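Each chain, written out:
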Amino acid sequence: MPLRIYQTLMTLCILVLSSYSSVCRAHLLEVFAKASASKNYTDQNSYSVSVSGATGLALLLIPQVRIEGRYTVVSSLQNQLSVGSPSVIATLNDIKTETNIYSVGLDIDILSEKYAIQPFVFLGAGYIESQRSYYVTPTGSTSATLVSEPMTQGISANVGAGIRIRIAKSIAFELEAYGYGLDPQKPNPLVNLYGNAGIRI
C-alpha cells in the first residue's frame, strides 16, 4: 500500500477513535474485525494457502441499516504450478498474491434488533489493488527468476451475507460469506469468494 494512503488511513482512524467513546454511548458507532485462513491441496505436492482479514467502522443510520467502511486484505500463496500442455515448459514457485480493498457500503439487518440471531447483507463498492509475484524455473534449468507483475488497480463491487449472534448487549459474533469483483463494469469481471468470522462491538 502506498505510504500516502497508509498515512491518510491512520490519520482518519485516530480522528475517529478519539471520538469513539462518546459516540458509542448513543450506540451509533460499531467497530468490527474479521479473519479467515485456509489451505487446499490440488495433489500430494501442490497446495495453496489463503489468509484474509477485514476491519472497519459502521455508523447506524436508521434501525437495521448502517453505513460501513472497511479495509480488507487477502493474501494467497501457491507453492508450485506447472506451465505448458501437453509438455511442461516451466514451473512457477511461490506464487504470492496480495489484494487490498478499501470499500464503503450498506450493512442491512434482515430482522428487527430484538432477535439475538440476526441475518444480514452487505452491499458496497470500493477501490482495489492487487499484486502478484512468483519464481520461474524453465524445464531443465536449476536457476529461478523472480517475476513481479505490475499492480492491478480498479473499482470493486462488494457483496456479503451472513449472521450475527449477539453474545452480550454490545458484542456480536459474526459469520460472513464475502465476495468482490474487479472492474464489474467490464465483460467477464474477476470474481473472488471467501468466508470469514469475527467480532463486532
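Provided above is the structure to which this section pertains.
Residues numbered from 1 in each chain as written. Predicted model: local features only at pLDDT ≥ 70, side-chain atom pairs only at ≥ 80, totals over all residues. Heavy atoms only, no water.

## Details of a nonpolar patch on the surface
A grouping of Ile117, Ile163, Ile167, Ile171, Phe173, Leu175, Ile199 and Ile201 is seen on the molecular surface, where their side chains present a nonpolar patch of about 650 Å² in accessible area. Of all the elements in the fold, those that place two or more residues in the nonpolar patch are strand S7 (152–168) and strand S8 (171–182). With 3 residues, S8 is the single largest residue contributor to the nonpolar patch. Of note, Ile117 is situated in strand S5 (residues 117–138). The class for Ile117 is exposed, based on a relative accessible area of 52%. (Patch = residues over 30% accessible without salt bridge, like charges linked within 9 Å, V, L, I, M, F, W, Y side chains within 5 Å. Areas by Shrake-Rupley, 256 points an atom, 1.4 Å probe, with all protein chains shown as cover. Salt bridge = Lys/Arg side-chain N within 4 Å of Asp/Glu carboxyl O. Helix = DSSP H or I, 4+ residues; strand = E, 2+ residues; numbered from the N terminus. Buried < 20%, exposed > 50% of the residue type's maximum accessible area, 1.4 Å probe, protein only.)

## Focus on unusual backbone geometry
Despite not being glycine, Gln64 shows a phi value in the positive range, around 80°. Considering the arrangement of structural elements, one finds Gln64 in the loop between strand S2 (47–62) and strand S3 (65–83). Of the residues examined, Gln64 reaches a relative accessible area of 29% and is grouped as partly exposed. Even without being a glycine, Asp94 presents a positive backbone phi close to 50°. With respect to the element layout, Asp94 can be found in strand S4 (residues 90–109). On the basis of relative accessible area, Asp94 is assigned to the partly exposed category, the value being 34%.

## Points about the nonpolar core
Counting 8 residues, the largest nonpolar core is built from Val74, Ile101, Phe122, Ile128, Tyr178, Tyr180, Leu182 and Tyr194. Secondary structure elements with two or more residues in this core: S5 and S8. A total of 3 residues in this core trace back to one element, the largest contributor, which is S8. The residues contacting Tyr178, other than those within four sequence positions of it, are Arg70, Thr72, Ser103, Phe122, Asn158, Val159, Gly160, Asn192, Leu193, Tyr194 and Asn196. (Core = buried A, V, L, I, M, F, W, Y, C linked by side-chain atoms within 4.5 Å. Contact = heavy atoms within 4.5 Å.)

## Description of the packing of aromatic side chains
Using the criterion set out here, one finds 5 aromatic pairs in the structure. Arranged with centres 6.4 Å apart and planes meeting at 35°, the rings of Phe122 and Tyr178 form a pair that is tilted. Of this pair, Phe122 sits in strand S5 while Tyr178 sits in strand S8, placing them 56 residues apart in sequence. Tyr178 shares its class with Phe122; the two are buried. In this structure, Lys34 packs its charged tip against the face of Phe32, placed 5.4 Å from the ring centre. Above the ring of Phe120, the side-chain terminus of Arg164 is found at 4.0 Å from the ring centroid. (Phe/Tyr/Trp six-rings, centres within 6.5 Å; stacked < 30°, edge-to-face > 60°. Lys NZ or Arg CZ within 6 Å of the ring centre and 35° of its normal.)

## Quick word on the environment of Thr91
Tracing the chain through its elements places Thr91 in strand S4. The exposure class of Thr91 is partly exposed, given its relative accessible area of 23%. Residues Thr91 and Thr139, spaced 48 residues apart in sequence, show a C-alpha to C-alpha distance of 7.1 Å. When near neighbours in sequence (up to four residues on either side) are disregarded, Thr91 contacts Gln80, Leu81, Ser82, Tyr135, Val136 and Thr137.

## Some remarks on the pattern of salt bridges
In total, this model carries 15 salt bridges according to the counting rule given. For Arg70, the salt bridge goes to Glu176, with nearest N and O atoms at 3.3 Å. Of this pair, Arg70 sits in strand S3 while Glu176 sits in strand S8, placing them 106 residues apart in sequence. By relative accessible area, Arg70 is classed as buried at 4%. By relative accessible area, which is 5% here, Glu176 ends up buried. Residue Arg164 is joined to Asp109 by a salt bridge in which the shortest nitrogen-to-oxygen separation is 2.7 Å. With a gap of 55 residues between them, Arg164 in strand S7 and Asp109 in strand S4 connect regions that are remote in the sequence.

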